Amino acid sequence: MQKRIKSALISVFYKDGLEELVHTLHALGITIYSTGGTQAFIEKLELPVIPVENLTSYPSILGGRVKTLHPVVFGGILGKRSDDVHLKEMKDYNIPEIDLVIVDLYPFEETVASTSDEKAIIEKIDIGGPSMIRAAAKNHADLVVIADKADYNKLDDILKAQQGETTLEQRRAFAAKAFEVVTQYDAAISNWFNPQPQHYFQVSVPQSNHLRYGENPHQSAVYFGKLNDLFSQLNGKELSYNNLVDVDAAFNLIREFTEVTFGVIKHTNVCGIASRPTVKDAWDAALAGDPESAFGGVLVCNGTIDAETANAINEIFFEVLLAPMYTDEALAILKSKKNRILLSMHSHTKAGNTYKNLLNGVLVQHSDEGNFAEWQEVGGRETTITERENLAFANMVCKHLKSNAIALVKDKQLIGKGAGQTSRIDALRHAIEKANQFNFDLHGAVLASDAFFPFDDCVKIAHEAGVTSFIQPGGSIRDKDSIAYCNTHGLAMVMTGMRHFRH
């Protein structure tokens, strides 16, 4: 059923895009009620507007905390036009029908992001706004609710095309959007009060982007979030589901490193990474670690991509490249492939909670932050300075491999890795095989394991291949066996006390 709008209540924090809509409402002869800053905005346009105080007979009180919370306002919104009792009561109490509610909410999340002042944050918890939005959305059979400034133009187009009328379908769509807006707002407030969920799982992420498909072509997918906060896309096609998953892995990997580092990600695993004095040298070493797996991968660097590096990268096929900066010459080279995705990083992802839906529920955990709880030398000798640097590097890399995981490192270059294996010894065998495939000399290499060695077999096999120092969390009831082997053969071993399973 179509309904004609005769009156509107407007109370918004953001005025962007509102002017044209207000002019349309006036041109259609719609009575406008408003409050505070919005009223002043409309008056500045030299358009008639009635202060809400004229309806309520109360001024804005308590520092603006109470101005629309009044039976006249909510009666005008919630009154059912098809109910004779409602209509009689509205007439008896001089409650006008309100056919359109345009309300946005105090900038709570923006305030949280800009200050730690609890009083300032509390004051940005809107009360009247969500109440009016919910009331109007509930009564969408009779009125329209707009809770997002992104919908101003849409409503303006509808009113112009339909001479001030709306259909039930249109009103229901706006109401559904309004409930989403309020839900997001309430979730943000709840999560601020409860950083770790206590009783309910509440995560609300604004902005959605429908992807071409999901992990596979037969799966649909939507991304919720603000990618522009993290990077700008400089070239290429739209990011796919799998691109986004690998880009997330790349972000999490590169923020571990302070030296100039280049990494290659494939199916969320690190297949090549190296730290070097220059970006070009880091790229050459990262690629050399596994040039076969790098094909079609996601590349990430924490330094500026220059022309020399761009020419080298341009020789292989890759899906995505992330870097904080590119020279103009480098961009010109890399943009030669129109579908190649180039991202300029603004900041690294922040640590927080991770989520996994399973078994008709959701698992919530804090992100895996840190690399070791301790540095305990337990082997047959102390590590050298070079070994310590390489062990720390290997430990960070291993953290970003699927379990069971083994990383072999030499001169801050990943030269062999085993990831996602069902046994630790299989992960080691795979890592050694990869190193041999690309003719790396394992003598003097270091080994990192994401979890403890259940037996001493991994240490024995790695030593036979040339590995001379190890880093692992420890915690096995048979730690003494691996330690004893290291003591007997003069091998270094560090226990970190921090496991890094990744499933």
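Placed above this text is the structure.
The shown structure was predicted, so the numbers you read here are calculated from the model rather than taken from an experiment.

1. Some points on the pairing of strand β17 (residues 341-345)
Moving on, step 1. With 5 of 5 residues buried, β17 lies mostly within the body of the structure.
Moving on, step 2. Here β17 shows no split at all, with Ile341, Leu343 and Met345 on one side and Leu342 and Ser344 on the other all buried.
Moving on, step 3. Bridge count between strand β10 (residues 231-235) and β17: 4 bridges; the pairing is antiparallel. When the bridges of β17 are listed, Ser232 appears paired with Ser344.

2. Some details on the packing of aromatic side chains
Moving on, step 1. Enumeration according to the criterion identifies 11 aromatic pairs in this entry.
Moving on, step 2. Ring geometry for Phe108 and Tyr185: centres 6.4 Å apart, planes at 70°, overall edge-to-face. Here the residue Phe108 occupies a position in helix α6 (residues 108-114), and Tyr185 occupies one in helix α10 (residues 168-193), the gap between them amounting to 77 residues.
Moving on, step 3. On the basis of relative accessibility, which here comes to 2%, the residue Phe108 falls in the buried class.
Moving on, step 4. Through a chain of ring-to-ring contacts, three or more aromatic side chains come together here, namely Phe108, Tyr185, Trp192 and Phe193.
Moving on, step 5. Its guanidinium or amino end placed over the ring of Tyr14, Lys149 lies 4.7 Å from that ring's centre, counting from NZ or CZ.

3. A few points about a nonpolar patch on the surface
Moving on, step 1. Among the surface-exposed residues, Phe201, Val203, Val205, Val222, Phe224, Tyr355, Val362 and Val364 lie close enough to one another that they form a single nonpolar patch of about 650 Å² accessible area.
Moving on, step 2. At the level of elements, β9 (222-224) and β19 (361-366) are the ones that each hand at least two residues to the nonpolar patch.
Moving on, step 3. Relative to the elements of secondary structure, Val364 occurs in strand β19.
Moving on, step 4. What makes Val364 partly exposed here is its relative accessible area of 33%.

Reading guide: rules and limits
- Residues numbered from 1 in each chain as written.
- Predicted model: local features only at pLDDT ≥ 70, side-chain atom pairs only at ≥ 80, totals over all residues.
- Heavy atoms only, no water.
- Buried < 20%, exposed > 50% of the residue type's maximum accessible area, 1.4 Å probe, protein only.
- Helix = DSSP H or I, 4+ residues; strand = E, 2+ residues; numbered from the N terminus.
- Pairing = 2+ DSSP bridges.
- Phe/Tyr/Trp six-rings, centres within 6.5 Å; stacked < 30°, edge-to-face > 60°.
- Lys NZ or Arg CZ within 6 Å of the ring centre and 35° of its normal.
- Patch = residues over 30% accessible without salt bridge, like charges linked within 9 Å, V, L, I, M, F, W, Y side chains within 5 Å.
- Areas by Shrake-Rupley, 256 points an atom, 1.4 Å probe, with all protein chains shown as cover.
- Salt bridge = Lys/Arg side-chain N within 4 Å of Asp/Glu carboxyl O.

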